[in-house]
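One-letter residues, chain by chain:
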Amino acid sequence: MVRCENVHKSYQLGDRRVEALRGLDLTIDRPGFYAVMGASGSGKSTLLHLLAALDAPDEGTIEISGTKLESLGEREADAFRARSIGIVFQQFNLLPTMTARENVELPGVLQGEDPHTLRDRAAQLLERLGVGERAEHRPQALSGGEQQRVAIARALLFQPKLILADEPTGALDSASSARLWALLRDVADEEGVTIVMVTHEPTAAAHCSRIFVISDGRVTGEIAPEHQQEQLDAASVAARYQRVVGTA
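Residues numbered from 1 in each chain as written. Predicted model: local features only at pLDDT ≥ 70, side-chain atom pairs only at ≥ 80, totals over all residues. Heavy atoms only, no water.

1. Structural notes on the nonpolar core
Judged by nonpolar contacts, the single largest core of 47 residues is most densely connected at Val104, Val150, Ile152, Ile195 and Ile211. Counting residues per element, this core draws most heavily on helix α6 (residues 174-191), which supplies six residues. The contact partners of valine 150, leaving out residues within four places of it in the chain, are Leu94, Ala100, Asn103, Val104, Leu126, Val131 and Leu142. The next biggest cluster of nonpolar side chains, apart from the first, holds 28 residues, and it includes Val7, Leu24, Leu162 and Val198. (Core = buried A, V, L, I, M, F, W, Y, C linked by side-chain atoms within 4.5 Å. Buried < 20%, exposed > 50% of the residue type's maximum accessible area, 1.4 Å probe, protein only. Helix = DSSP H or I, 4+ residues; strand = E, 2+ residues; numbered from the N terminus. Contact = heavy atoms within 4.5 Å.)

2. Quick notes on the environment of arginine 210
By secondary structure assignment, the location of arginine 210 is in strand β9 (residues 210-215). A sequence separation of 15 residues divides arginine 210 from proline 225, and the C-alpha atoms of the two residues are 7.7 Å apart. Contact partners of arginine 210, with chain neighbours within four places excluded, come to Phe33, Tyr34, Ala35, Glu222, Ile223 and Ala224. A distance of 2.8 Å separates polar atoms of two side chains, one belonging to arginine 210 and the other to glutamate 222. (Polar contact = N/O pair within 3.5 Å; in protein donor to acceptor, adjacent residues only side chain to side chain.)

3. What about the layout of surface pockets?
By volume, the largest pocket is sized at about 430 Å³. For the lining of the largest pocket, the element with the most residues is helix α2 (residues 74-84), which contributes four residues. Each residue belonging to the lining of the largest pocket can be placed in one class, and the counts come to 11 nonpolar, four polar and three charged. (1 Å grid on protein atoms, 1.4 Å probe; cavity = no way out; pocket = protein on both sides within 12 Å on 5 of 7 lines; lining within 4 Å. Points joined across faces, edges and corners; volume = space filled by probe spheres on them. Nonpolar A, V, L, I, M, F, W, Y, C, P; charged D, E, K, R; others polar.)

4. Considerations on the sheet that holds strand β5 (residues 67-68)
In space, the four strands of this open sheet follow the order β2-β1-β4-β5, with antiparallel pairing throughout. Unpaired on one side and paired on the other, β2 (16-28) and β5 mark the two borders of the sheet. With 10 bridges connecting them, strand β1 (residues 2-13) and β2 associate as antiparallel partners. Paired with leucine 13 across the strands is arginine 16, a residue of β2. Helix-sheet contacts for helix α1 (residues 44-51) involve β1, β2 and β4 (59-64), and the interaxial angle to β1 is about 115 degrees. (Pairing = 2+ DSSP bridges. Axes fitted to C-alpha atoms, helices over the stretch in contact; angles between N-to-C directions.)

Structure (structure tokens):
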């Protein structure tokens, strides 16, 4: 589903070269809810941009559902991203002049899809995510949690196999965050989609089936339940994360 091999990426900042990724390897071979966890500057945001085909690696291979991203031209990357990858941002990125339904439909409108099909799909998704009754409300009339649910519905419009979530609960309170993490896990299970969430919070990562720890531009370890019945919690994730980082 997602495969990164020996991925390198660096940037020029003033008079110095910053190596964001240094030979990163990562493989996800089945749908589910996954976290990429690391400190600020570890390379996790760079990885998210590369997975979203918003940038290209300097070296290495990134493959999503059989498509090698580095082989795509700019227009091909745009088309692939629009149809195959959903993106959920921290700040929702909903257009304030549009209703919730219109915000969900927007990517399809831009792709020239049939309006009636889009309306039906948007209504179905909003209902599925528990905000069907808010479909004709504009973002300012919605709570933060409701706005993020609308953003998730928008990301699901084209039934992508991969959804990338960039600190999706950073603008929400703790109760709304917990509900959203549970929702993302349910969406991954029920829709058969792979969700990769970038986070630095053990509380968020504990909701995922597997956590990839990234440090100094590489995946330095993984955190997962040690047996089928185990449920990760924030304390165990934090403790294991510190052990992984300490031995990197």
